[in-house]
Amino acid sequence: MKRTSRRGFWMAMGALVVIVGALVATLLLTRDRDASSQSDLQPVTLFMSYIPSVQFAPVYVAHERGYFADEGIDVRFEHSLNEADGIDRLAVNDLSFGLASGEQVLLARATGRPLVYVFEWYHRFPVGIAAPVDLSITQPEDLTGRVVGIPALYGASYIGLRALLDAAGMSEADLGELRTIGYTAPENICEGQIEAAVIYVVNEPIAIEDQCTPVDVIDVADYATLVANGLLTNEQTIRDDPALVTGMARALRRGLEDTLADPDTAFAISVENYVTDLQEDQHDVQRQVLLNSMTLWRSDELGVTDPLAWETTQQVLVDAGLMAAPLDDLSAAYDLRFAREAAADS
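Because the structure is a prediction, the values reported are computed rather than measured. (Residues numbered from 1 in each chain as written. Predicted model: local features only at pLDDT ≥ 70, side-chain atom pairs only at ≥ 80, totals over all residues. Heavy atoms only, no water.)

K.L.:
Got a sec to walk through the overall build of the protein chain? Specific residues and values, please.
P.N.:
When you go through the protein chain residue by residue, the secondary structure sums to 14 helices and ten strands. Out of the 346 residues in the protein chain, the part that is buried amounts to 48%. The contacts of the protein chain with a sequence gap of at least 6 include a subset with a gap of at least 24, amounting to 80%. Carbon and sulfur atoms form 50% of the exposed surface of the protein chain, whose accessible area is close to 16500 Å². (Helix = DSSP H or I, 4+ residues; strand = E, 2+ residues; numbered from the N terminus. Buried < 20%, exposed > 50% of the residue type's maximum accessible area, 1.4 Å probe, protein only. Contact = heavy atoms within 4.5 Å. Areas by Shrake-Rupley, 256 points an atom, 1.4 Å probe, with all protein chains shown as cover.)

K.L.:
Just give me the short version of the packing of helix α10 (residues 242-261) against helix α14 (residues 337-344), but keep the residues and values in it.
P.N.:
For any two helices packed against each other, the geometry is given by the interaxial angle and the distance between the axes. The geometry of α10 relative to α14 is characterised by a closest axis approach of 8 Å and an angle of 60° between their N-to-C directions. One element, α10, and the other, α14, form an angle in the oblique class. Note on packing geometry: the crossing formed by α10 with α14 is right-handed. Residues P242, V245, T246, A249, R250 and R253 of α10 form the contact with α14, whose own contacting residues are F338, E341, A342 and A343. (Axes fitted to C-alpha atoms, helices over the stretch in contact; angles between N-to-C directions. Parallel < 35°, antiparallel > 145°, perpendicular 65-115°, else oblique. Left-handed = near helix turned anticlockwise from the far one by under 90°.)

K.L.:
Tell me about the pattern of salt bridges, and name the residues and values.
P.N.:
Think of it this way: side chains of opposite charge can pair up when their charged atoms draw near. If you walk through the whole model with that rule in mind, you get 16 salt bridges. One salt bridge in this structure joins E257 and R253, with 3.1 Å as the shortest N-O distance. Of the two residues, E257 and R253 are both situated in helix α10; the distance of four residues between them amounts to about one turn of the helix. Overall, E257 belongs to the partly exposed group, its relative accessible area being 26%. Here the salt bridges share partners, and the residues they tie into one network are E78, D85, R89 and D94. (Salt bridge = Lys/Arg side-chain N within 4 Å of Asp/Glu carboxyl O.)

Note that every value here comes from positions in space, so none of it alone points to a role or purpose.
Structure representation (C-alpha cells):
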C-alpha cells in the first residue's frame, strides 16, 4: 500500500509539473504575442490644446477601448496650453495630428503653413457671453456701452465676439470697453470689474455661478455658424499616409459615439485613468461640464464640417484684420472625405 501511494504521489507531481510548464509556456507566448502586437502599432502623438479634462472624454474612451489600436495606432497624448506651439509643429510635420480650433487652420494657411481640418469634433462653436442676470444682458444689442472682458484679442474667443457683434450689426466701437482679462472671467465678474465676459460656455458659467451669481449666457452659435474644434493634420500626412488619417478619424468618431451614448461611463473612464488629479468634490461640477460639452458635439453628421462655416469664419478673420485677404482656395483648408469614410464604416 505504501509503495502504491508513493507511486501515485510521484505520478500526481509529474502531472502537476507538466500542467505548470504548459501554463508558463502559454503565459510567455501570450506576453510575446502582446509585445509583438504592440510593436506593430504606429506611434502617433495627438496634440490637445488644453490640460487633461473631461472635455476630452471621447478621446480617452477611444484610447481605453482600443479604438486607436484597432486602426494600428499607438496614440500618445500631449496636453498643452500653448496652442501656437502645436500649430507650428503640425505645420512642419513635427506632429501629425492635433485637436484645435478651426480658425487656426485658416490663420496658418494664410501664412503658408499647410494645415488641414479633417474631422469636426465640436459642431457648435463653444464661445459665448456671460453676464449677471440682474444686468439683463440677454442679446447682443444689450452689450452696447457695457464693459466686456475677453481672454485676448485673438483666438476663438475674439473670433466669436466679432462674429456675434457682426450678426447684430454692431462693432467693437459699440461696447463701452473691451478689456483683456486673460482667463479670469469668474473673478472679474464676481468683483464687479466688468459687466460681461466672453467665455467658454461649457464650464465658465458654472464657475461664475458657483462663486457669486447666476448668469445669462448668449451663445455665439445661436447667431453665427463658425468652425469649432476638430482634428487637424497637414498636407504631407494626408499625402503620405491617408489610411492613417482615416484611422484617426474613425477612432475619434467611435469614442465620440460612445461618449454621447453613455456619458456616465465616459466620465468614469476619464477621471479614473486620464484626469487623475481631479478632486472628488469636483466630480459633480465636471460631470455637468461633460454634459454641457455633449450639447456642442451632437450633429446629424458626426465629423463632417460645414463649408459655409468656413466662409463665415474666414470673413470674420479678414474683417478683424487677422487675415490680410481671403485664401486663394478656401476648400483646401478642410477635407471631408476622412469623416465620411469613418462614417461609412461606423
